[in-house]
2 protein chains.
Amino acid sequence: MSYFPASLETLIDKFAALPGIGRKSAQRLAFHVLSGSDEEADSFADAIKNAKKNIHFCKVCQNLTEDEICPICSSSRRDRSLICVVSDPKDVLSIERGREYNGTYHVLHGVLSPMNHIGPDDIKIKELLVRLADEEVAEVIMATNPDTEGEATAMYISRLIKPFNIKVSRLAYGIPVGSNLEFADDATLNRAIEGRTEM
Amino acid sequence: MSYFPASLETLIDKFAALPGIGRKSAQRLAFHVLSGSDEEADSFADAIKNAKKNIHFCKVCQNLTEDEICPICSSSRRDRSLICVVSDPKDVLSIERGREYNGTYHVLHGVLSPMNHIGPDDIKIKELLVRLADEEVAEVIMATNPDTEGEATAMYISRLIKPFNIKVSRLAYGIPVGSNLEFADDATLNRAIEGRTEM
């Protein structure tokens, strides 16, 4: 039996439906919204509607954008012959933060995951192949996460790219910059030794 | 420099402004909203607007309600001569869950906290005194939290009630039901001995 008014319960339910938000947190968030001004609540609600309405996939790289083609794909300073394939829009942000990569991206929006019934048609692989057929691409860098599903996805896509005669590379594995060998796990250390470079 | 579209950044900012939600969590929540259907996003936004629009304080007990007077205050089965003073609407829910208390409530919406510049005029004390003057009240139960600020608030209010010649009581301190003496802290155990009852 609930003693909160119906519209408060509804709001708590909405917050509780978000990932990683439990019932207690949802209550706290709902009370926070109630304790703010009308304008704050309205602008929060509008932000949700606007984001959902305005944001869609870039026609070229499938990254999230408000335009037809995202700022990276439409930039004249970007090297279009280089495509970095990532699983998630957040990964684009991570690589951009480094300020060194100058090519374009392709966002898969997921990885192959038979356990979760996610197959090749559920992620943006077809769109990548269309790009490879239409554009002059010299190299595709597979930058999916270095976990089982990310590896499998990279492997699967690299095999599809083979017929195009385009170079496919993978992010280097190794010890993170600034870390300590003592704390590196065995698999990472082995990969770092395998992939050693001449000084 | 941000590489998310503006309306997505706005939504992330809104989530990040909620208590206990960091930047990374806010991103995750915003992406969750984007990944859902248009209807889901709309109903979330509407839930925020509706809650903020429909919910206000009960004219009697100051609890949150959609009506002028909340279901508890307007119920004929409630003992109006008994008022339980709590600091937060969530505390009403906690006590109601016990299904034993049959009186009414008064929600302070906060506790006195000089550190945070919250004084007697910032919480619903005045409204409680008006009730005591207007209604036939036999007893006020102070049920603020058993911490420093809750104690100080209970003490402050009980002194204000004194002139009304109304009985003021405080929730009992003691060991929680089902717990283990071994794990009770000293202060609780001392209070449990002080407050011992005859068997």
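Keep in mind that what you see is a predicted model, and the values were worked out from it rather than measured. (Residues numbered from 1 in each chain as written. Chains lettered and ligands numbered in written order. Predicted model: local features only at pLDDT ≥ 70, side-chain atom pairs only at ≥ 80, totals over all residues. Heavy atoms only, no water.)

A. Just the packing of helix 3 (residues 38–54) of chain A against helix 2 (residues 23–35) of chain B, in detail. Packing of helix 3 of chain A against helix 2 of chain B leaves a shortest axis separation of 9 Å and a crossing angle of 60°. Accordingly, the angle class assigned to the pair helix 3 of chain A and helix 2 of chain B is oblique. For the element pair helix 3 of chain A and helix 2 of chain B, the recorded crossing hand is right-handed. Residue-level contacts link Ile-48, Ala-51 and Lys-52 of chain A of helix 3 of chain A to Val-33, Leu-34 and Ser-35 of chain B of helix 2 of chain B. Tallied by class, residues from the contact of helix 3 of chain A with helix 2 of chain B come to 4 nonpolar, 1 polar and 1 charged. (Axes fitted to C-alpha atoms, helices over the stretch in contact; angles between N-to-C directions. Helix = DSSP H or I, 4+ residues; strand = E, 2+ residues; numbered from the N terminus. Parallel < 35°, antiparallel > 145°, perpendicular 65-115°, else oblique. Left-handed = near helix turned anticlockwise from the far one by under 90°. Contact = heavy atoms within 4.5 Å. Nonpolar A, V, L, I, M, F, W, Y, C, P; charged D, E, K, R; others polar.)

B. Structural context of the sheet that holds strand 4 (residues 103–107) of chain A. All names here are of chain A. Ordered in space as 4-3-5-6, the 4 strands form an open sheet in which the pairing is parallel. With one partner strand each, in any of the chains shown, strand 4 and strand 6 (167–170) form the two edges of the open sheet. Neighbour-to-neighbour, the strand axes of this sheet turn through a mean angle of 25°, independent of strand direction. Sheet topology places strand 5 (residues 139–142) next to strand 6; 4 bridges connect them, and they run parallel. Looking across to strand 6, one finds that Glu-139 is bridged to Lys-167. Against the sheet, helix 6 (residues 125–134) contacts strand 3 (79–86), strand 4 and strand 5, and its axis sits at roughly 145° relative to strand 4. Lying on the sheet, helix 7 (residues 148–161) is in contact with strand 3, strand 5 and strand 6; it crosses strand 6 at an angle near 170°. (Pairing = 2+ DSSP bridges.)

C. Quick look at the pattern of salt bridges. Counting across every chain of the model gives 16 salt bridges over all chains. For Glu-139 of chain B, the salt bridge is made with Lys-167 of chain B, and the minimal N-O distance between the two is 3.8 Å. Within this pair, whereas Glu-139 of chain B is found in strand 5 (residues 139–142), its partner Lys-167 of chain B is found in strand 6 (residues 167–170), the two being separated by 28 residues in sequence. Take Glu-139 of chain B: its relative accessible area is 17%, and that puts it in the buried class. Taking relative accessible area as the criterion, Lys-167 of chain B reaches 53% and is therefore assigned exposed. The residue Glu-151 of chain B makes a salt bridge to Arg-170 of chain B at a minimum N-O spacing of 3.3 Å. Linking Glu-151 of chain B in helix 7 (residues 148–161) with Arg-170 of chain B in strand 6, this pair joins segments that are 19 residues apart in sequence. Here the salt bridges share partners, and the residues they tie into one network are Glu-9, Asp-13 and Arg-23 of chain A. (Salt bridge = Lys/Arg side-chain N within 4 Å of Asp/Glu carboxyl O. Buried < 20%, exposed > 50% of the residue type's maximum accessible area, 1.4 Å probe, protein only.)

D. A look at unusual backbone geometry. All names here are of chain A. Here His-109, not a glycine, exhibits a phi torsion of approximately 60°, which is positive. Tracing the chain through its elements places His-109 in the loop between strand 4 and helix 6. Taking the relative accessible area as the measure of exposure, His-109 reaches 24% and is therefore partly exposed. At His-117, a residue that is not glycine, the phi angle is positive and equals roughly 60°. Relative to the assigned elements, His-117 resides in the loop between strand 4 and helix 6. Owing to a relative accessible area of 71%, His-117 belongs among the exposed residues under this scheme.

E. Region of the structure containing the nonpolar core. Ranked by size, the top nonpolar core spans 44 residues in total, and within it Phe-15 of chain A together with Phe-15 of chain B carry the most contacts. Those elements that place two or more of their residues in this core are helix 1 (6–16), helix 2 (23–35) and helix 3 of chain A together with helix 1 (6–16), helix 2 and helix 3 (38–54) of chain B. Setting aside residues no more than four positions away along its own chain, Phe-15 of chain B makes contact with Leu-18 and Phe-44 of chain A together with Ile-21, Ala-26, Leu-29, Ala-30, Val-33 and Phe-44 of chain B. (Core = buried A, V, L, I, M, F, W, Y, C linked by side-chain atoms within 4.5 Å.)

F. A look at the domain arrangement of chain A. We note that the domain assignment places domain 1 (6–54) and domain 2 (76–194) within chain A. Using only C-alpha atoms to locate each centre, domain 1 of chain A and domain 2 of chain A end up separated by 35 Å. (Domains from an automatic or database assignment.)

G. Spotlight on the sheet that holds strand 4 (residues 103–107) of chain B. Residue and element names in this part refer to chain B. The strand order across the open sheet formed by 4 strands is 4-3-5-6, and the pairing between neighbours is parallel. Each edge of the open sheet carries a strand with a single partner, namely strand 4 and strand 6. Averaged over all neighbouring strand pairs, the angle between strand axes comes to 25°, with direction disregarded. With 4 bridges connecting them, strand 3 (residues 79–86) and strand 5 associate as parallel partners. Residue pairing across strands places Val-85 opposite Met-142, the latter belonging to strand 5. Where helix 6 (residues 125–134) meets the sheet, it contacts strand 3, strand 4 and strand 5, and its direction lies at approximately 145° from that of strand 4.

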